[in-house]
Amino acid sequence: MKRDEIDIEISRMLKQSLPEAGHDKWFTRKVLNRLPDKQKHSRGWIEPCLYFTGLLVCFIGWGLFLCSLSPNVILVKDIVSFGILTVTTFLLIWNIVENVFVGDI
Amino acid sequence: MLSKIDEIKLLAQCVLTDNRDAFGRLVENYQGEIRRFFLNLTFGDHALSDDLAQETFIKAYLNIRGFKGLSRFKTWLFRIAYNEYYSHLRKLHEVPTDEQGYLPECETVDNFHGIDAGIDVHKAIRQLSENERIVIILFYLEDQPLKKIKEITGMPEGTIKSHLSRGKEKLGRILKTLD
């Protein structure tokens, strides 16, 4: 339906006379505050599998490390290996505990 | 004003990663139009129109995965806004709809006789029925073409033209009275 002159006149009249909403700088914030909490996405079976594999690798790593230790000599590589294994194990366990308490897995 | 590509990018971010900042940008872009739409439907009630507008965006967020991209996001948003207004009216008046689900044509008071020149456009708009008012606002204020109004309201094109014609006639009478 094409707009004729009367349509243009009515449109002009209404736009001039009826109120504009104006920009409300808080409106977006109000909307975002009312949105539901973000859902943590469940990654299904992949995440538990990865954690289990990580734990297994850590366990094997600790086993190899302890077997490779010399009784009376501590080498630099032993200290480095110990450090890496400790940090990795700690991070892995921390992630598992966090996700278990949050309920993701 | 967001381009179509920017809009698609923001929508993709909302759907895929629940990016609230992206949704915030969409809200920021369309808040003026949606709030104005409700402001004119509610006869200038800022509090009510803001509340309805907020509900519209919240519903849009909750159903964003249902947006298929067949129409522009703005048209979809106006569809939600229209439904939101419809729900508000039903709660307010408990008005039954006809078989096709349309609001009844309200009796309009003809105040044109002995009217003083001070009748403003707001009062003129009030003379229209709900359906006429919605169609007039969408067509003349929001510059929506008939095809989009059909998508927004779900009314057949013939019905929209009929409402538009009747509403225009009533407004035309008021314009003549003001002259």
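Residues numbered from 1 in each chain as written. Chains lettered and ligands numbered in written order. Predicted model: local features only at pLDDT ≥ 70, side-chain atom pairs only at ≥ 80, totals over all residues.

### Some words on the overall build of chain B
- Each helix and strand in chain B was counted, giving eight helices and zero strands.
- Written out in order from the N terminus, the α and β elements of chain B read α-α-α-α-α-α-α-α.
- The buried share of chain B, taken over its 179 residues, is 31%. (Helix = DSSP H or I, 4+ residues; strand = E, 2+ residues; numbered from the N terminus. Buried ≥ 20, exposed ≤ 12 C-beta atoms within 10 Å, placed from the backbone.)

### Here's the deal with the packing of helix 2 (residues 20-41) of chain B against helix 4 (residues 73-93) of chain B
Residues and elements named next belong to chain B.
- Across the interface, helix 2 lies against helix 4 with an axial gap of 11 Å and an inter-helix angle of 30°. Put simply, helix 2 runs roughly parallel to helix 4. Our pair here, helix 2 against helix 4, has a crossing hand that is right-handed. Residue-level contacts link Tyr30, Ile34, Phe37, Phe38 and Leu41 of helix 2 to Lys74, Leu77, Phe78, Ala81 and Tyr85 of helix 4. (Axes fitted to C-alpha atoms, helices over the stretch in contact; angles between N-to-C directions. Parallel < 35°, antiparallel > 145°, perpendicular 65-115°, else oblique. Left-handed = near helix turned anticlockwise from the far one by under 90°. Contact = placed C-beta atoms within 7 Å.)

### What about the interface of chain A and chain B?
- Taken residue by residue, the interface counts 22 residues in chain A and 26 residues in chain B.
- For the side of chain A that touches chain B, the secondary structure elements donating two or more residues are helix 1 (5-17) and helix 2 (27-34) of chain A.
- Of all the elements, helix 1 of chain A adds the most residues to the side of chain A that touches chain B, at seven residues.
- Considered class by class, the residues forming the side of chain A that touches chain B number twelve nonpolar, four polar and six charged. (Nonpolar A, V, L, I, M, F, W, Y, C, P; charged D, E, K, R; others polar.)

### Section: the nonpolar core
Residues and elements named next belong to chain B.
- Within the largest apolar cluster, 42 residues are counted, with the highest numbers of intra-cluster contacts made by Phe38, Leu77, Ala81 and Val135.
- For this core, the element with the most residues is helix 2, which contributes nine residues.
- When we break this core down by domain, the ones giving at least three residues each are domain 1 (4-93) and domain 2 (121-178).
- If we ignore the near neighbours within four places in the chain, the residues touching Ala81 are Ile34, Phe37, Phe38 and Thr56. (Core = buried A, V, L, I, M, F, W, Y, C linked by C-beta atoms within 7 Å. Domains from an automatic or database assignment.)

### A word on unusual backbone geometry
- Of note, the phi angle at Asp18 of chain B is positive, near 55°, even though the residue is not glycine.
- Of note in this structure, Phe43 of chain B is not a glycine but carries a positive phi near 60°.

### Here we look at helix 2 of chain B
- A bend of about 50° at Tyr30 of chain B is the largest found in helix 2 of chain B.
- Looking one or two residues past helix 2 of chain B, Phe43 of chain B carries a phi angle of roughly 60°, positive in sign. (Bend = angle between axes of the 7 residues up to and from the residue.)

### Observations concerning the environment of Lys4 of chain B
- Here Lys4 of chain B shows up in helix 1 (residues 4-17).
- In sequence terms Lys4 of chain B and Arg72 of chain B are 68 residues apart; their C-alpha atoms lie 8.2 Å from each other.

### A few points about the confidence of the model for chain B
Residues and elements named next belong to chain B.
- Counting all residues, the mean pLDDT for chain B is 82, and 83% of those residues have values of 70 or more.
- Confidence, expressed as mean pLDDT per element, reaches its minimum in chain B at helix 5 (residues 121-126) with 79 and its maximum at helix 3 (residues 46-62) with 94.
- Here residues 105-118 is modelled with pLDDT under 50, and outside its nearest four sequence neighbours on either side it reaches twelve contacts, counting other chains as well.
- Interface predicted TM-score (ipTM) for the complex: 0.75; the corresponding pTM is 0.67. (pLDDT = per-residue confidence, 0-100.)

### Quick look at the packing of helix 2 of chain B against helix 3 of chain B
Residue and element names in this part refer to chain B.
- With their axes 9 Å apart at the nearest point, helix 2 and helix 3 run at an angle of 140° to one another. In terms of axis orientation, helix 2 runs oblique to helix 3. In the crossing of helix 2 with helix 3, the sense of the turn from one axis to the other is right-handed. For the pair formed by helix 2 and helix 3, the contact residues are Phe23, Val27, Gln31, Ile34, Arg35, Phe38 and Leu39 on the first element and His46, Ser49, Asp50, Leu52, Ala53, Thr56, Phe57 and Tyr61 on the second.
- For the contact of helix 2 with helix 3, the per-class residue count stands at nine nonpolar, four polar and two charged.

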